[in-house]
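Structural features, examined
What follows is the residue order along each chain.
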Amino acid sequence: MTTMMITNFVPADIDATSWENLQPYYQTLLDRKFKCEGCLEQFLLDRSELDAAAAEAGSNLYIAMTCDTENEEVKNAFLSFVENVEPELKKVGFELNKKVVSSEHVGKLDKERYTVLLRDWFADVEIFREENVPLQTEDTKLGQEYSELCGAMMVDFDGEKRTMPQMGMYQQDQDRSVREASWRAVAERRLEDRSAMDAIFDKMVVNRHQTAINAGFEEYRGYMFAVKHRFDYTPEDCLAFHEAIENECMPIVRKLAEERKQALGLDTLRPWDLAVDPHGHAALKPFDSADDLIEKTSKLFHRMDESLGEMFDSMRDGGYSLDLASRKGKAPGGYQASRDRQRKPFIFMNAAGLPRDLDTMVHEAGHAFHYMLCRHDDLVWLRGAPLEFAEVASMSMESLCYPFLDEFYSPEEIKRAIRKHLEGIVSVLPWVATIDAFQHWIYLNPEHTCEERTAQWLELGERFGGGVDWSGLESEHEAVWHRQLHPFEVPFYYVEYGIAQLGALQMWLKYRENPTAAIKDYKNGLSLGASRTLPELFEACGLKFDFTTSMVSTLMKTVAEELDKHA
Ligand SMILES: [Zn+2]
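Keep in mind that what you see is a predicted model, and the values were worked out from it rather than measured. (Residues numbered from 1 in each chain as written. Predicted model: local features only at pLDDT ≥ 70, side-chain atom pairs only at ≥ 80, totals over all residues. Heavy atoms only, no water.)

For the rest of this paragraph, the subject is the coordination of the zinc ion. Coordination sphere of the zinc ion, protein contribution only: H363 (NE2), H367 (NE2), E391 (OE) and E391 (OE), at 2.1 to 2.6 Å. When the donors of the zinc ion are listed by position in the chain, the intervening gaps give H-x3-H-x23-E. With a gap of 28 residues between them, H363 in helix α14 (residues 355-374) and E391 in helix α15 (residues 387-400) connect regions that are remote in the sequence. The pair formed by H363 and E391 is uniform in burial state, with each residue classed as buried. (Donors = N, O, S within 2.8 Å, 3.2 Å for Na, K, Ca; no water. Helix = DSSP H or I, 4+ residues; strand = E, 2+ residues; numbered from the N terminus. Buried < 20%, exposed > 50% of the residue type's maximum accessible area, 1.4 Å probe, protein only.)

On to empty space enclosed by the protein, then. Going through the model one piece at a time under the given rule, you end up with 1 cavity of 30 Å³ or more. Considered as a void within the structure, the largest cavity measures approximately 50 Å³ in volume. (1 Å grid on protein atoms, 1.4 Å probe; cavity = no way out; pocket = protein on both sides within 12 Å on 5 of 7 lines; lining within 4 Å. Points joined across faces, edges and corners; volume = space filled by probe spheres on them.)

Their axes nearest at 8 Å, the elements helix α16 (residues 411-444) and helix α20 (residues 495-513) cross at an angle of 150°. As summarised for this structure, α16 and α20 are arranged roughly antiparallel, according to the angle between their axes. For the pair α16 and α20, the crossing hand works out as left-handed. Between α16 and α20, the contacting residues are L422, I425, L429, V432 and D436 on the first element and V495, G498, Q501, L505 and W508 on the second. Looking at the contact of α16 with α20, its residues break down into 7 nonpolar, 2 polar and 1 charged. (Axes fitted to C-alpha atoms, helices over the stretch in contact; angles between N-to-C directions. Parallel < 35°, antiparallel > 145°, perpendicular 65-115°, else oblique. Left-handed = near helix turned anticlockwise from the far one by under 90°. Contact = heavy atoms within 4.5 Å. Nonpolar A, V, L, I, M, F, W, Y, C, P; charged D, E, K, R; others polar.)

This part takes up the pattern of salt bridges. Evaluated as defined, the whole model comprises 45 salt bridges. In this structure, D313 and R316 form a salt bridge, with 3.7 Å as the shortest nitrogen-oxygen distance. Taken together, the positions of D313 and R316, both in helix α13 (residues 306-317) and 3 residues apart, correspond to about one turn of that helix. Owing to a relative accessible area of 13%, D313 belongs among the buried residues under this scheme. Salt bridges sharing common partners tie together K255, E259, R419, E423 and D564. (Salt bridge = Lys/Arg side-chain N within 4 Å of Asp/Glu carboxyl O.)

This next bit is on the packing of aromatic side chains. Taken as a whole, this structure holds 36 aromatic pairs when the rule is applied. Seen in terms of ring centroids, F217 and Y223 are 5.7 Å apart; in terms of plane orientation they differ by 75°. Their pairing is edge-to-face. The partly exposed category is assigned to F217, whose relative accessible area is 24%. Residue classification places Y223 among the buried positions, given a relative accessible area of 5%. An aromatic cluster is defined as three or more aromatic residues linked by ring pairs; in this entry it consists of Y146, F201, W431, F438, W457, W481 and F488. Here the basic side chain of K99 rests over the ring of F34, its NZ or CZ set 5.0 Å away from the ring centre. (Phe/Tyr/Trp six-rings, centres within 6.5 Å; stacked < 30°, edge-to-face > 60°. Lys NZ or Arg CZ within 6 Å of the ring centre and 35° of its normal.)

The next thing to look at is the pairing of strand β4 (residues 335-339). Burial along β4 is one-sided: Y335, A337 and R339 are buried, and none of Q336 and S338, which face the opposite way, are. Looking at chain direction, β4 and strand β5 (residues 344-351) are connected through 5 bridges and run antiparallel. In the sheet register, Q336 faces β5, and the bridge partner there is I347. Where β4 hands over to β5, the hairpin turn is made up of 4 residues, of which R343 adopts a positive phi near 55°. (Pairing = 2+ DSSP bridges.)

It is worth spelling out helix α11 (residues 250-264) at this point. Taking 1.5 Å as the rise per residue, α11 with 15 residues should run 21 Å; its terminal C-alpha atoms sit 21 Å apart, in good agreement. Listing the buried residues of α11 in full gives M250, I252, V253, L256, A257, R260 and K261. Summarising the contacts, the buried residues of α11 are in contact with α10 (235-248), α16, α17 (450-464) and α23 (549-565). Looking one or two residues past α11, G265 carries a phi angle of roughly 70°, positive in sign. (Expected span 1.5 Å × (residues − 1).)

The subject of this paragraph is the environment of E218. Checked against the element boundaries, E218 lands in the loop between α8 (194-214) and α9 (220-227). Its relative accessible area of 73% is what places E218 among the exposed residues. Spatially, the C-alpha atom of E218 lies 9.3 Å from that of L444, the residues being 226 residues apart in sequence. If sequence neighbours within four positions are ignored, E218 has contacts with H209 and I213.

Mapped onto the elements, R162 comes out in strand β2 (residues 160-163). Distance in space between the C-alpha atoms of R162 and V186 is 9.9 Å, their sequence separation being 24 residues. A distance of 2.8 Å separates a polar side-chain atom of R162 from the backbone oxygen of F157. At a separation of 3.2 Å, a polar atom in the side chain of R162 contacts the main-chain carbonyl oxygen of D158. (Polar contact = N/O pair within 3.5 Å; in protein donor to acceptor, adjacent residues only side chain to side chain.)

So this is what it looks like as structure tokens:
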């Protein structure tokens, strides 16, 4: 194993998968006295090294498990880490943060380097309340109940018992009656758990509101902004963002719905008409095998920028950094993980030759570029960035790759692929607004009844619904939000994707103006890691941290033009 050691505090060969091995080193840190700000800085370096070792152990176990879900030993090793090591890391991490922010020397640390880090740690310490610990445990348990309800959902369809994700593929079927029957089967199954889900959520709202009150906030929204370290934008900014989406995206969404309806030759667009290819095209097939994908993606990045191409190749050539092929026993989905001691990225996905796989490939490569560009930072907490910016790094690549899609497609196919991608952007923003606005309302009105909540959901459907006919499906419509796990399991986590998308679209506009300058700025911003505020990170990329109507309007105008060009 290679490590990039910056201190001798942690042995290179420590087995950081067990708490017994880590605990003595954390204890030394807890006991350490600071005589000056130099001691404090050394402490931060040593702690960073130790946190990196623990994080890499967790990453490696997670990677191993997702690459081979049928291996019990590997799975148990990961679960043991989650159960035995992670809670201890969380506890000791909080104690160490407290130790730093309460040190008399903290004010003497270099402002530019430490401001963002300390701002976050101060907040964590400030909002912590002992009495909230059991409430948070309760919240996690309720989240698990929700997750179990979802996991247990199966439907009998087409002669077999099928899971909800498996049912998704029928929505692509050209035969409308198949789409309708499968959609109804899923919706009916979900409705069986409707009251159980509402009951779980009712408990969550009471619990969460109390957590906020205990921590000295008036409502949960403000509390969560502090928990999520959202110091660079306010709840009011989010509400303005929802409005901007309503004004600027919805006309395009409605136009697209109208075009879809015409292309499908329908009088009304029903919920089961939204995923199928409206022109009856067969699915695109951008590549054959994982090797083919790697080869073509490498060429794509070399054409985009020589050094990005080299970074991509370094993942291909340098050790175990890519696991892309779909095979039996592999977990679903795709992700980028980092191994913080070796300071190496890793990309996981299930490449089956679909256009979606290509999107995932360039998206995750963007995350990997981000990691490689900021891994020089000796403090592990600064290698990375908040989601609002991290997703700019990845989503940008999805649009910047348009000029090089000839590596994968014919000119006619490129048109289809770009159109589909742009349609995805336009339709996801209203959904982000819906889910976010819904949660704002919920926690601003913590004493609402279940009926009032449903009414609010339908009202948001009016604002962000976009031309779908739900008549005769009223109950189904009312319960749509139950399938979105975020309000249940990770409250308020969602708007980040919308904010990042605005950054990614700006990056695309810049790239069309001047590719060389855009790539230079892209790298510049990414190399700062998490050491700056969000507006500063955006600015370093030559982007504006702005989600007002005027920004959304500019971006949507370009998207609409481009959609027309690729019609
Ligand atoms: Zn991502």
